[in-house]
Amino acid sequence: AQSVAQPEDQVNVAEGNPLTVKCTYSVSGNPYLFWYVQYPNRGLQFLLKYITGDNLVKGSYGFEAEFNKSQTSFHLKKPSALVSDSALYFCAVNRAAGNKLTFGGGTRVLVKP
Amino acid sequence: EPEVTQTPSHQVTQMGQEVILRCVPISNHLYFYWYRQILGQKVEFLVSFYNNEISEKSEIFDDQFSVERPDGSNFTLKIRSTKLEDSAMYFCASRLGTGQRTDTQYFGPGTRLTVL
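Summarised in this report is the structure supplied together with it. In this text the structure is predicted, and so the values were computed from the model without any measurement.

Moving on: the sheet that holds strand β3 (residues 19-24) of chain B. All names here are of chain B. Judged by pairing direction, the sheet is antiparallel, and its four strands sit side by side in the order β1-β3-β8-β7 without closing on themselves. The sheet is open, and its two edges are formed by β1 (5-7) and β7 (65-68), each paired on a single side. When the angles between neighbouring strand axes are averaged without regard to direction, this sheet yields 20 degrees.

Put into structure tokens, the structure is as follows:
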């Protein structure tokens, strides 16, 4: 079985400050890890993924995520948050060559001016 | 940039009625998916479809649900007799392949289904 935990329902950050959204996972075998973002009344937009290679993955809109195998974590980060980053963020896991994505519960990010 | 599209954006139906949710995946993608998100809950996998057949389905995907790729572009989810608990946002997704560069699932904007 595979599972994802996002321990924070909401993260508040001031514009210009660093943003971190936490994610831990459980999966048998090698994990494929993904971050998606959902803006109001929109679908899930792909941000970035970790498949293999460098533990630090860079994605869209200045976001990056760090894969930590020993801590089974894949935290999303952005050095300087923008008000427009306010949205719902989902972490998801798939086992290597697997099929279905398993999502975390989502973390709402609110960036205040 | 190619994207997954879904129609309608909002569907209201009476309990017991049949509904068909439609999706147009990205044109050269080979793997297709349906997920749903009940309000306030996690996004849940329903079914995956490849080579004109279901490759995996969840416990949610019972005999009331079916999927079809009726032509080269559409991918549909049918719920035969809707229940109140089927009210949710339904997301379609597609994926190009299974390699490292092609393993990303791209999602449509969703169809909000409301069963009264």
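After that view of the structure, there is still more to cover.
L19, W35, L47, L48, F74, L76 and Y89 of chain A are the most contacted members of the largest nonpolar core, which totals 28 residues. No other element matches the four residues that strand β10 (residues 87-95) of chain A contributes to this core. Among residues more than four places away in sequence, those in contact with L19 of chain A are V11, V13, F63, L76, K77, K78, A81 and V109 of chain A. Residues V4, W34, F61 and F65 of chain B belong to the second largest nonpolar core, which totals 22 residues.

Our next topic: the state of the cysteines. Residue and element names in this part refer to chain B. Scanning the entire structure with this criterion turns up two disulfides over all chains. Sulfur-sulfur distance for the disulfide between C23 and C92 comes to 1.9 Å. Because the torsion about its S-S bond is -65 degrees, the bridge between C23 and C92 counts as left-handed. Taken as a pair, C23 in strand β3 and C92 in strand β9 (residues 88-95) lie far apart in primary sequence, 69 residues in all.

A few words on unusual backbone geometry. With an omega of -10 degrees, the peptide bond running from T7 of chain B to P8 of chain B counts as cis. In this fold, P8 of chain B is placed in the loop between β1 and β2 (10-13). In this model, Y61 of chain A sits at a positive phi of 55 degrees, which is unusual for a non-glycine residue. Here Y61 of chain A is to be found in the loop between β7 (56-58) and β8 (64-68). Positioned with a positive phi, N52 of chain B is a non-glycine residue whose angle comes to about 65 degrees.

Time to look at the interface of chain A and chain B. Each side of the interface is counted separately: chain A has 21 residues, and chain B has 21 residues. Summed over both sides, the interface of chain A with chain B buries roughly 1800 Å², with 51% coming from carbon and sulfur. Taken together, the connections running from chain A to chain B amount to zero salt bridges. Joining chain A to chain B, the criterion identifies three residue pairs in polar contact (both at pLDDT 80 or more). Those elements giving two or more residues to the side of chain A that touches chain B turn out to be β5 (31-38), β6 (44-50) and β10 of chain A. No other element matches β5 of chain A, which puts four residues into the side of chain A that touches chain B. Here the residues of the side of chain A that touches chain B sort into 10 nonpolar, eight polar and three charged.

If you walk through the whole model with that rule in mind, you get five salt bridges over all chains. A salt bridge links D85 of chain A to K78 of chain A, with the nearest nitrogen and oxygen atoms 2.8 Å apart. An identical accessibility class is assigned to D85 of chain A and K78 of chain A; each is buried. For the salt bridge of R95 of chain B with D103 of chain B, the shortest nitrogen-to-oxygen distance reads 2.6 Å. Taking relative accessible area as the criterion, D103 of chain B reaches 1% and is therefore assigned buried.

About the thresholds
Residues numbered from 1 in each chain as written. Chains lettered and ligands numbered in written order. Predicted model: local features only at pLDDT ≥ 70, side-chain atom pairs only at ≥ 80, totals over all residues. Heavy atoms only, no water. Pairing = 2+ DSSP bridges. Helix = DSSP H or I, 4+ residues; strand = E, 2+ residues; numbered from the N terminus. Axes fitted to C-alpha atoms, helices over the stretch in contact; angles between N-to-C directions. Core = buried A, V, L, I, M, F, W, Y, C linked by side-chain atoms within 4.5 Å. Buried < 20%, exposed > 50% of the residue type's maximum accessible area, 1.4 Å probe, protein only. Contact = heavy atoms within 4.5 Å. Disulfide = S-S within 2.5 Å. Buried area = accessible area lost by both parts, 1.4 Å probe. Salt bridge = Lys/Arg side-chain N within 4 Å of Asp/Glu carboxyl O. Polar contact = N/O pair within 3.5 Å; in protein donor to acceptor, adjacent residues only side chain to side chain. Nonpolar A, V, L, I, M, F, W, Y, C, P; charged D, E, K, R; others polar.

Treat this as a map of the structure, not an account of what it does.
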